[in-house]
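Here are the chains, one letter per residue:
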Amino acid sequence: MIFLPDEPTLDLSASKPPSTPTTTTKSPLWRPSLYPFQTQSLSKLAPLEFGALFYEMGLGKSIMAISLFEHWSTLGLRRFIFVCPNSLTETICIEALKWGSTLKFKRFESSARTHRVNTVRSQDWDVLVVNYEALRTLYPEIIRQEPGGIVADEAQALKNRTAMQTRAARAVFKSVKENHGPRLLMTGTPIAKNILDLWSQIDVLSPGPPAEHPLGLGNYNSFERSVAFITRHPRLPQIKFHNFRPEVVKEVTERMAAFSVFKRSAEVLADLPEQTWVTVPLTMGETQKKIYNALRREMLAELSGTDVEPAVREVLKHYDIPAFDPGAFTVSTAFAPVLTMRLAQITSGFVHIDSGANVPLPGNVKLEWLRENLPALTDRDDNNKTVVFARFIYDVDAICKLCDELKIGHVRIDGSTSKDAGSAVEQFQRDPDIRVVVANVQVGGQGFTMTAANTEVFYSNSYRNILRQQALKRIHRISQERPVTYYDLACQRTVDYDILDSLKADHDLAYATLDELKSALINRGDA
């Protein structure tokens, strides 16, 4: 992952581009309970018509947004919009109540369109909390309300300039701009792949003609050509490779400094407790090994253009496992659907068969490790609580079932519970009977404070480094007073270690090619 560098020492009032006028010269009064670095950041952002808050996870972005909404309201502005992932809509409302905000935060209580439209049109809110998915269809109604300001949280969701949610967000931001209202982006991971991720996010923040784009390099194609030398794959010319120009990247980050704030935890919270990482090597059962090795050999044979061994085909046919079709993929295909999806399912103790069902495998070593260790990791006498992250919904089901068997109180966070995720986290934080959060990493890994826990277990890791970094910060953040430990469960000589290696190297396997897949299959060998 690439982070923006620290802000250079600049006279920001002089370096501010013409397209970033100030909204007011009134000096705001920030609450004394804020950290000094938060007050400093707010004081920089408050006068700007548009700004970006790039806080590393765990530094209090929600409180910053609430503080800015309160400040904007003192300027006579009204009817604000807060956009975020669906799993965080309840969290911001809870935080506003805990903060004692005088503004009324309102989120949708139903997915029915009539309810949502009526909520948007009602006068029963000061801050309307909207998830990105709902924004796709509701943005015309929101624009009609003439909102006086807008904040988009987890703004990396806007990095795809052609996505419907990005275009919808841009339309609302443009409306706020035309109303002379302030706009803010917030994210701890503005750049997941490379600096090209920034262009669309900033285009949403300050929508206008290419010549007025705050990064100063025109439209996306012009920006891409300016920041990088571009080469193309010899066999698939639609695949681009970028060699970035350091001097242009530096110019971009200096322009960003005029309207953005970036803070790392290590810089502003030096007293955060110690972190410990433990990789737990596990040996798969014989059935797991047999299926894993057969699927690995089939993939390798297909990728190499050689015949699949009859014994391999027999194993896969016996367990009703779908054949690997290399024709379905291109050289740019991610590891996810090819390697980490199918092989990692096996290391998690199940297989996805031809009928579409997920079938458990005997002797699931990861689940057995949890069975042996979860009681200690949730021991009341030691005040232990644990968050267990899993990649697959099948894993979440299995872990919740195990918690029931062990009579360990737990809450679940995944797509099926995302609407009420904020309440679930609050219960975990406050209720001594709730000892575990079982979460799908894509839903539960961002935006929540889970500092009641002192342990995280990664039962099955995502190949996406951005999800990993967000998940780590759920327990190591403001208000954590105890040392924290992270456990990675990894089956030996399997894709689990390929994923861990890539995460440690800060390399996202989502962008690996089939050539890299083939090398990994060869190098790792049979389990």
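Predicted model, so just to flag it, every value in this text is computed and none were measured.

**Student:** Please explain the pattern of salt bridges as it appears in this structure.
**Tutor:** Note on pairing: side chains with opposite charge can pair once their charged atoms come close. Going through the model one piece at a time under the given rule, you end up with 23 salt bridges. Glutamate 49 is the partner of arginine 183 in a salt bridge, and the nearest nitrogen-oxygen pair spans 2.5 Å. In this pair, arginine 183 is assigned in strand 6 (residues 183–186) and glutamate 49 in the loop between helix 2 (36–45) and strand 1 (50–55), connecting sequence segments 134 residues apart. For glutamate 267, the salt bridge is made with arginine 264, and the minimal N-O distance between the two is 3.3 Å. Judged by its relative accessible area of 42%, glutamate 267 is partly exposed. Among the residues examined, arginine 264 registers a relative accessible area of 25% and is labelled partly exposed. Taken together, the salt bridges that share partners define one network made up of Glu95, Lys98, Glu426 and Arg430.

**Student:** Would you explain the packing of aromatic side chains in this entry?
**Tutor:** By convention here, two paired aromatic rings are described through the distance between centres and the angle between planes. This structure, assessed with the given rule, holds 14 aromatic pairs. Feature note: the residues Phe69, Trp72, Phe80, Phe82 and Phe105 constitute an aromatic cluster, connected by ring pairs. The ring of tryptophan 125 carries the charged tip of arginine 79 above its face, separated from the ring centre by 3.7 Å.

**Student:** How should I be thinking about the environment of isoleucine 466 in this particular structure?
**Tutor:** Within the element layout of this structure, isoleucine 466 appears in helix 20 (residues 465–472). The class for isoleucine 466 is buried, based on a relative accessible area of 6%. The spacing of isoleucine 466 and alanine 192 is 274 residues in sequence and 6.1 Å in space, taken between C-alpha atoms.

**Student:** Even after reading the chapter, I still don't get the sheet that holds strand 16 (residues 455–458), so can you show me in this structure?
**Tutor:** Two modes of strand pairing occur in sheets, parallel and antiparallel, and in both the strands are linked by backbone hydrogen bonds. Read across the open sheet, the six strands follow the order 10-17-16-13-15-14; overall the sheet is parallel. Of all strands in the sheet, those with a lone pairing partner are strand 10 (275–282) and strand 14 (410–413), marking the two edges. Neighbouring strand axes in the sheet, compared pairwise and without regard to direction, differ in orientation by 15° on average. Lying on the sheet, helix 17 (residues 393–406) is in contact with strand 13 (386–390), strand 14 and strand 15 (436–440); it crosses strand 15 at an angle near 165°.

**Student:** What should I look at first to understand the sheet that holds strand 9 (residues 260–263) in this one?
**Tutor:** Here seven strands make up an open sheet; going across it, the order is 3-4-2-5-6-1-9 and the pairing parallel. In the strand order of this sheet, the two ends are held by strand 3 (105–107) and strand 9, each with one partner. Across this sheet, the average inter-strand angle for adjacent strands is 15°, counted without regard to direction. Note that strand 1 and strand 9 share four bridges and pair parallel. In the strand pairing of strand 9, tyrosine 55 is matched with lysine 263. Running at roughly 160° to strand 1, helix 2 makes contact with strand 1, strand 6 and strand 9 of the sheet.

**Student:** In this structure, what is going on with the packing of helix 7 (residues 164–178) against helix 8 (residues 197–205)? I would like to understand it.
**Tutor:** Two elements in contact, helix 7 and helix 8, have axes separated by 8 Å at closest approach and are oriented at 35°. From helix 7, Thr166, Ala169, Arg170 and Phe173 reach across to helix 8, where they touch Ser200, Asp203, Val204 and Leu205. By residue class, the composition of the contact of helix 7 with helix 8 is four nonpolar, two polar and two charged.

**Student:** When you look at helix 8 in this model, what are you seeing that I'm missing?
**Tutor:** Think of an α-helix as 3.6 residues a turn; residues three or four steps apart then line up on the same face. Of all the nine residues making up helix 8, nine are buried; the element is thus mostly covered by neighbouring parts of the structure. For helix 8, the elements touching its buried residues are strand 1, helix 7, strand 6, helix 9 (220–227) and helix 10 (246–257).

**Student:** What should I look at first to understand the pairing of strand 1 in this one?
**Tutor:** Regular strands place side chains that alternate from one sheet face to the opposite one. By the criterion of burial, strand 1 is predominantly enclosed, with six of the six residues buried. Burial of strand 1 is two-sided: the residues Phe50, Ala52 and Phe54 facing one way and the residues Gly51, Leu53 and Tyr55 facing the other way are all buried. Where strand 1 lies against strand 6, four bridges are found, and the strand directions are parallel. Bridge pairing links alanine 52 to leucine 185 in strand 6.

Conventions we followed
Residues numbered from 1 in each chain as written. Predicted model: local features only at pLDDT ≥ 70, side-chain atom pairs only at ≥ 80, totals over all residues. Heavy atoms only, no water. Salt bridge = Lys/Arg side-chain N within 4 Å of Asp/Glu carboxyl O. Helix = DSSP H or I, 4+ residues; strand = E, 2+ residues; numbered from the N terminus. Buried < 20%, exposed > 50% of the residue type's maximum accessible area, 1.4 Å probe, protein only. Phe/Tyr/Trp six-rings, centres within 6.5 Å; stacked < 30°, edge-to-face > 60°. Lys NZ or Arg CZ within 6 Å of the ring centre and 35° of its normal. Pairing = 2+ DSSP bridges. Axes fitted to C-alpha atoms, helices over the stretch in contact; angles between N-to-C directions. Contact = heavy atoms within 4.5 Å. Nonpolar A, V, L, I, M, F, W, Y, C, P; charged D, E, K, R; others polar.

Any link to function would need more than the numbers given here.
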